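Notes for the structure review
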Amino acid sequence: GENVEQHPSTLSVQEGDSAVIKCTYSDSASNYFPWYKQELGKRPQLIIDIRSNVGEKKDQRIAVTLNKTAKHFSLHITETQPEDSAVYFCAAILSGGYQKVTFGTGTKLQVIP
Amino acid sequence: NAGVTQTPKFQVLKTGQSMTLQCAQDMNHNSMYWYRQDPGMGLRLIYYSASEGTTDKGEVPNGYNVSRLNKREFSLRLESAAPSQTSVYFCASSIPGKQETQYFGPGTRLLVL
């Protein structure tokens, strides 16, 4: 089955700096890679996603890159703000029919004002 | 449009007691999922239902049963609760093949003493 590794498990950055979270996956058939943000005590919510036919996607301060050959994808947050503090989860999905979803173990991001 | 709702929000059980966690969605999604979230382990799939009338085991199904009552509702039952089942439980729904985004409920925090 699919295995998703996520690093680092915790990350502290100064406000205004950039943060990068990396995930690797094992199943080359996975074709959809979402990132979820979970604030303390809240539900996970989708913040950005990328499909296997795209190498990079950007949405304001957030971007995701995908390297299919190396089977890894990364979340980039620029100009970090205190409200970016949360746990971030990556996932690898084999899309179509039932979606086989495997989540990473999460990264706790702390943005220090 | 309430999205995905879960009841109860919090529950304390004694070892050996049974209970059912309820989940409902009003987005007309075909697929529904139950996850448990433990510190440092991310989201692990317990059971899923690809469509009404079907259910399948996920990564950690032991000790749980599910019922897909209709398209809207997907319940998770603990027949004889154990302390190892202390966790936060999230229900989610999606439309496989069209939009892979998983919409999560607010979660149920379960403590088994």
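As the structure is a computational prediction, the values presented were derived from the model and not from experiment. Residue numbers run consecutively from 1 along every chain, following the written order of its sequence. The naming scheme follows written order: chains are lettered A onward, ligands numbered 1 onward. In view of the model being predicted, local features appear only for residues whose pLDDT reaches at least 70, and side-chain atom pairs are presented and counted only at 80 or more, with totals across whole chains, interfaces and linings using the full set of residues. Calculated side-chain values reflect all of the structure's heavy atoms, with hydrogen atoms and water omitted.

1. Quick notes on the nonpolar core
- Ranked by size, the top nonpolar core spans 23 residues in total, and within it A:Trp35, A:Phe73, A:Leu75 and A:Leu109 carry the most contacts.
- Counting only elements with at least two residues in this core, the list comes to strand 2 (10-14), strand 3 (19-25), strand 4 (32-38), strand 5 (45-51), strand 7 (62-67), strand 8 (72-77), strand 9 (86-94) and strand 11 (107-112) of chain A.
- In this description, contact between two residues means that some pair of their heavy atoms is separated by no more than 4.5 Å. Beyond its immediate chain neighbours, meaning those up to four positions away, A:Leu75 contacts A:Ala19, A:Val20, A:Ile21, A:Trp35, A:Ile47, A:Ile48, A:Ile62, A:Ala63 and A:Tyr88.
- Nonpolar cores were defined as sets of buried Ala, Val, Leu, Ile, Met, Phe, Trp, Tyr and Cys residues, with membership established by side-chain atoms within 4.5 Å. The buried label applies to any residue whose accessible area, calculated with a 1.4 Å probe on protein chains only, is under 20% of its type's maximum; exposed applies above 50%, and partly exposed to all values in between. One finds B:Val4, B:Leu13, B:Leu21 and B:Leu76 within the second-largest nonpolar core, a separate group that totals 20 residues. Helical segments are the DSSP runs of H or I of at least four residues, strand segments are the runs of E of at least two, and each set is numbered from the N terminus.

2. Some points on unusual backbone geometry
- The step from A:His7 to A:Pro8 runs through a cis peptide bond, and the omega angle for that step is -5 degrees.
- In this structure, A:Pro8 sits in the loop between strand 1 (4-7) and strand 2.
- Following B:Thr7, the chain continues to B:Pro8 via a peptide bond in cis, the omega torsion being -5 degrees.
- Relative to the assigned elements, B:Pro8 resides in the loop between strand 1 (4-7) and strand 2 (10-13).
- One non-glycine residue, B:Asn28, lies in the positive phi region at around 60 degrees.
- Mapped onto the fold, B:Asn28 is located in the loop between strand 3 (19-25) and strand 4 (31-37).
- Residue classification places B:Asn28 among the exposed positions, given a relative accessible area of 56%.

3. Some thoughts on the sheet that holds strand 1 of chain A
Residue and element names in this part refer to chain A.
- In this scheme, strands are said to pair when DSSP sees at least two bridges between them. The strand order across the open sheet formed by 5 strands is 1-3-8-7-6, and the pairing between neighbours is antiparallel. The sheet is open, and its two edges are formed by strand 1 and strand 6 (56-59), each paired on a single side. Pairwise comparison of adjacent strand axes, ignoring direction, gives a mean angle of 15 degrees for this sheet.
- The pairing of strand 3 with strand 8 spans 6 bridges and is classified as antiparallel. Pairing of Val20 across the sheet is with His76, part of strand 8. In this description, a line fitted to the C-alpha atoms serves as the axis of each element, helices being fitted only across the stretch in contact, and the angle between N-to-C directions of two axes falls anywhere from 0 to 180 degrees.

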